[in-house]
Amino acid sequence: MHTSLPLAAGLGLRLPHIREVIDSRPAVAWFEVHPENYFGGGANLAALRRVRADYPLSLHGVGMGLGSAVGLDAGHLARFRDLIDALEPASISEHLCWNRTGEECYNDLLPLPYSAAALDFMVEQLGRAQDVLGRPLLIENLSSYVSLVDDAIPEGEFLAELSRRSGCGLLLDLNNLHVNEHNLGRSAHAALAALPLQAVGEIHIAGFEERDDGLWLDTHGTPVREAVWDLLDAALARFGPLPVLLERDTKLPPLADLLQETSRAQAALDRLGVRP
Amino acid sequence: MKLDELQRRFAQALHDAAAAQALFGASAHGASAYANNTLFNRADALAEAYPIVRQLVGDDFFGGMARAYARATPSRSGDLNRYGDGFAEFIRDFPPAQDIPFLADAARLDWLCHLAYYAEDNPPFDLPRLASVPAEQHGSLHFQLAPSVSLLRSPWPVASLWLAHQPEGGDFPSPDQGGEMALAWRNPHNRVQVRRLMPADHAFLAACARQLPLAEALECAMDEDMEFDFGLSLQQWLHDQVIVDFNESPST
């Protein structure tokens, strides 16, 4: 196993809700946060320590840019490591992406080409990062708005090979598969079928929004769509019970709405006969 | 294509339709989503870091100014909380902002508060350890400021301006009432605070920041005000965790 998260539904916790979670201790099996919001010290970290005292925690990085050809950002990795030491999370994860050139950081999750050379490079960078962090990462498949002319390996096979060679686990984002199917014509079910059963350590579900020209944007700004709930059932049928996380990053509704939506993910797990 | 070349061309394709077509083919229309994310992620980070500036100019003006800065200024870190350290200088030279001559200094104070918010935690001051130092050695001690502490000297009443924007209020200062020295830091309750400093207090804390020993820091303060009450000021700074440690030699 790549994580010690419970095989239950968790919720992505954003700063506007953290006080309410501390005060009301809602019945959620675990929480996931973006570590970058807790780098350094102060009120954010103090609040997160209180959450961690009551719940298993996952640190889900968005800023490492593991696949950047200029190499790893040692300062960023060190701050991530400090947070791991401070919080002893049940899981740590990042994305299959890059974010920097030598001149500029784009603060976004930019897609890598699915080529043999990119795979070699990711395996190398991931090995270095996992050495610094002291434990394996889960790596999340991306939603992508473009295909690259160098793409040669199907997404699912790329992820399977990355996991086999680097020892990382996979964080399977079902909304991203769904968005990619619409934007780029990549089959979500083919990706599911290509992933090795033991490699997947966590599942993400979220919502997306449509741009005027028909492009789907992975904004995490709406409830989960029905097609993604269907994918969740398909994924759980294939991989068995896993930690399932609801992500919501923009147009944040009241916490109660997200708890309600999280309980639907728990119901999907319960149908497999699993209890948290 | 080598990965570093591909990533350079990807970056170019965010703002160049022909480059996008060459790299992304039929999916080239998706490149604008990345250009948009990059721009608005940076502008949103500035809105978080510069709340007083945003209140002074309103959301629309702020958004336009933030996007102008974001277009001109690369981010260097995957952590967007580190983005925006040059915004005050940009505002100083931004033609549409010239109507508010104190805006750049308000931005400076916003940034120092932002740094204070995310500064490293520090252990509380060890009073028993200080009590164990013989009195004749006090003059050679080097007091250490908390990692969150910053000082700002401005020709505008920036501390009063900041305080006027807090929930507990404070009178809105007249911009031409004269300059102020401000202390920004995070208090023991993890709240970022700003305080207007008297010249002697500012001189003392600035001397501590320069790693001067107590005897010399006191001289700096007395140069500003012969009546400087060190005992009273020290008591407050220890209580508020402005001064958090001391060394027997300058720290590096």
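Just above, that's the structure.
Attention here is on the structure that accompanies the text. (Residues numbered from 1 in each chain as written. Chains lettered and ligands numbered in written order. Predicted model: local features only at pLDDT ≥ 70, side-chain atom pairs only at ≥ 80, totals over all residues. Heavy atoms only, no water.)

**Looking at the overall build of chain A**
Part 1 of the argument: Scanning chain A from N- to C-terminus turns up nine helices and twelve strands.
Part 2 of the argument: A compact globule built from 276 residues should have a C-alpha radius of gyration of about 19 Å, and chain A, at 18 Å, falls within 12% of that.
Part 3 of the argument: C-alpha extents for chain A along the principal axes are approximately 50 × 40 × 40 Å.
Part 4 of the argument: When burial is assessed residue by residue, chain A has 61% of its 276 residues classed as buried.
Part 5 of the argument: By sequence separation, contacts in chain A at least 24 residues apart represent 78% of the contacts at least 6 residues apart.
Part 6 of the argument: Accessible surface, chain A: about 9,700 Å² in total, of which carbon and sulfur atoms supply 52%.
Part 7 of the argument: Side chains of chain A give 22 positive and 38 negative charges; the mean places of these two sets differ by 6 Å. (Helix = DSSP H or I, 4+ residues; strand = E, 2+ residues; numbered from the N terminus. Rg over C-alpha atoms; globule rule 2.2 N^0.38 Å. Buried < 20%, exposed > 50% of the residue type's maximum accessible area, 1.4 Å probe, protein only. Contact = heavy atoms within 4.5 Å. Areas by Shrake-Rupley, 256 points an atom, 1.4 Å probe, with all protein chains shown as cover. Lys, Arg positive; Asp, Glu negative; His and termini not counted. Charge placed at Lys NZ, Arg CZ, Asp CG, Glu CD.)

**Focus: the interface of chain B and chain A**
Part 1 of the argument: Listed by partner, the interface residues are 38 residues for chain B and 45 residues for chain A.
Part 2 of the argument: Buried surface at the junction of chain B and chain A, summed over both partners, amounts to about 3,400 Å²; 53% is from carbon and sulfur atoms.
Part 3 of the argument: Taken as a group, B:Leu3, B:Gln7 and B:Tyr34 account for 19% of the area that chain B buries against chain A, more than any other trio of residues on that side.
Part 4 of the argument: Counting the contacts that link chain B with chain A gives one salt bridge.
Part 5 of the argument: A salt bridge links A:Glu104 to B:Arg42; its shortest N-O distance comes to 2.7 Å.
Part 6 of the argument: For the side of chain B that touches chain A, the secondary-structure elements that each account for two or more residues are α1 (3–13), α2 (17–24), α3 (31–49) and α7 (103–118) of chain B.
Part 7 of the argument: For the side of chain B that touches chain A, the class distribution of residues is 17 nonpolar, 13 polar and eight charged. (Buried area = accessible area lost by both parts, 1.4 Å probe. Salt bridge = Lys/Arg side-chain N within 4 Å of Asp/Glu carboxyl O. Nonpolar A, V, L, I, M, F, W, Y, C, P; charged D, E, K, R; others polar.)

**Quick word on helix α2 (residues 43–54) of chain A**
Think of an α-helix as turning once every 3.6 residues; residues three or four places apart then point the same way.
Part 1 of the argument: Counted at 1.5 Å a residue, the expected span for α2(A) with its twelve residues is 16 Å, and the 18 Å between its end C-alpha atoms agrees.
Part 2 of the argument: Looking at α2(A), one finds that the buried residues are A:Asn44, A:Leu45, A:Ala47, A:Leu48 and A:Val51. Down the axis of α2(A), the buried side of the element spans an arc of 160 degrees, and every buried residue falls inside it.
Part 3 of the argument: Taken together, the buried residues of α2(A) touch α1 (15–24), β2 (31–33), β3 (57–60) and α3 (74–87) of chain A together with α7 of chain B. (Expected span 1.5 Å × (residues − 1). Arc of directions from axis to C-beta.)

**Regarding the packing of aromatic side chains**
Part 1 of the argument: Scanning the entire structure with this criterion turns up 25 aromatic pairs over all chains.
Part 2 of the argument: When the centroid spacing of 5.2 Å and the interplanar angle of 45 degrees are considered together, the rings of A:Tyr145 and B:Tyr34 count as tilted. One end of the pair, A:Tyr145, is in the loop between β7 (138–140) and α5 (155–166); the other, B:Tyr34, is in helix α3, on a second chain.
Part 3 of the argument: The exposure class of A:Tyr145 is buried, given its relative accessible area of 6%. (Phe/Tyr/Trp six-rings, centres within 6.5 Å; stacked < 30°, edge-to-face > 60°.)

**Digging into the sheet that holds strand β2 (residues 150–154) of chain B**
The strands that make up a sheet are held in pairs by hydrogen bonds between backbone atoms, and each pair lies either parallel or antiparallel.
Residue and element names in this part refer to chain B.
Part 1 of the argument: Strand order in the open sheet made by the three strands is β2-β3-β4, with antiparallel pairing throughout. Where the open sheet ends on each side, the last strands, each with one partner, are β2 and β4 (192–197). Direction aside, the axes of adjacent strands within the sheet are offset by 25 degrees on average.
Part 2 of the argument: Direction of pairing for strand β3 (residues 180–186) relative to β4: antiparallel, over a ladder of six bridges. Across the sheet, the residue bridging to Leu-183 is Arg-195, located in β4. (Pairing = 2+ DSSP bridges. Axes fitted to C-alpha atoms, helices over the stretch in contact; angles between N-to-C directions.)

**Let's talk about a negative patch on the surface**
Part 1 of the argument: A cluster of acidic residues, B:Glu216, B:Glu219, B:Asp223, B:Glu224, B:Asp225 and B:Glu227, forms a negative patch on the protein surface.
Part 2 of the argument: Within the secondary structure, B:Glu224 sits in helix α11 (residues 214–224). (Patch = residues over 30% accessible without salt bridge, like charges linked within 9 Å, V, L, I, M, F, W, Y side chains within 5 Å.)

**Describing empty space enclosed by the protein**
Part 1 of the argument: Per the stated rule, a full pass over the model turns up two cavities of 30 Å³ or more.
Part 2 of the argument: Taken together, A:Leu96, A:Pro111, A:Leu112, A:Tyr114, A:Leu142, A:Ser144, A:Val146, A:Ser147, A:Leu148, A:Asp151 and A:Arg186 make up the lining of the largest cavity.
Part 3 of the argument: Per-class residue counts for the lining of the largest cavity are seven nonpolar, two polar and two charged.
Part 4 of the argument: Considering only enclosed or pocket space, the second largest cavity measures out at about 50 Å³ in volume.
Part 5 of the argument: Along the walls of the second largest cavity sit B:Phe102, B:Trp156, B:Pro157, B:Val158, B:Leu161, B:Phe172, B:Pro173 and B:Pro175, which together make up its complete lining.
Part 6 of the argument: Considering only residue class, the lining of the second largest cavity consists of eight nonpolar, no polar and no charged. (1 Å grid on protein atoms, 1.4 Å probe; cavity = no way out; pocket = protein on both sides within 12 Å on 5 of 7 lines; lining within 4 Å. Points joined across faces, edges and corners; volume = space filled by probe spheres on them.)

**Some points on the side chain of A:Glu140**
All names here are of chain A.
Part 1 of the argument: The topology assignment puts Glu-140 in strand β7.
Part 2 of the argument: No salt bridge is formed by the buried Glu-140, whose closest oppositely charged neighbour, Arg-14, lies at an N-O distance of 8.9 Å.
Part 3 of the argument: Glu-140 has contacts with His-60, Glu-94, His-95, Leu-96, Leu-171, Asp-173, Asn-176 and His-204, leaving out every residue within four places of it along the chain.

**Comments concerning the layout of surface pockets**
Using a probe with the size of a water molecule, rolled over the atoms, empty space left in the structure can be pinpointed.
Residue and element names in this part refer to chain B.
Part 1 of the argument: In this structure, the second largest pocket spans a volume of roughly 250 Å³.
Part 2 of the argument: Lining the second largest pocket are 13 residues, and of these Asp-79, Arg-82, Leu-115, Tyr-118 and Ala-119 sit closest to its centre.
Part 3 of the argument: Considering each element in turn, the lining of the second largest pocket owes the most residues, four residues, to α7.
Part 4 of the argument: Taken together, the residues that form the lining of the second largest pocket break down as five nonpolar, three polar and five charged.

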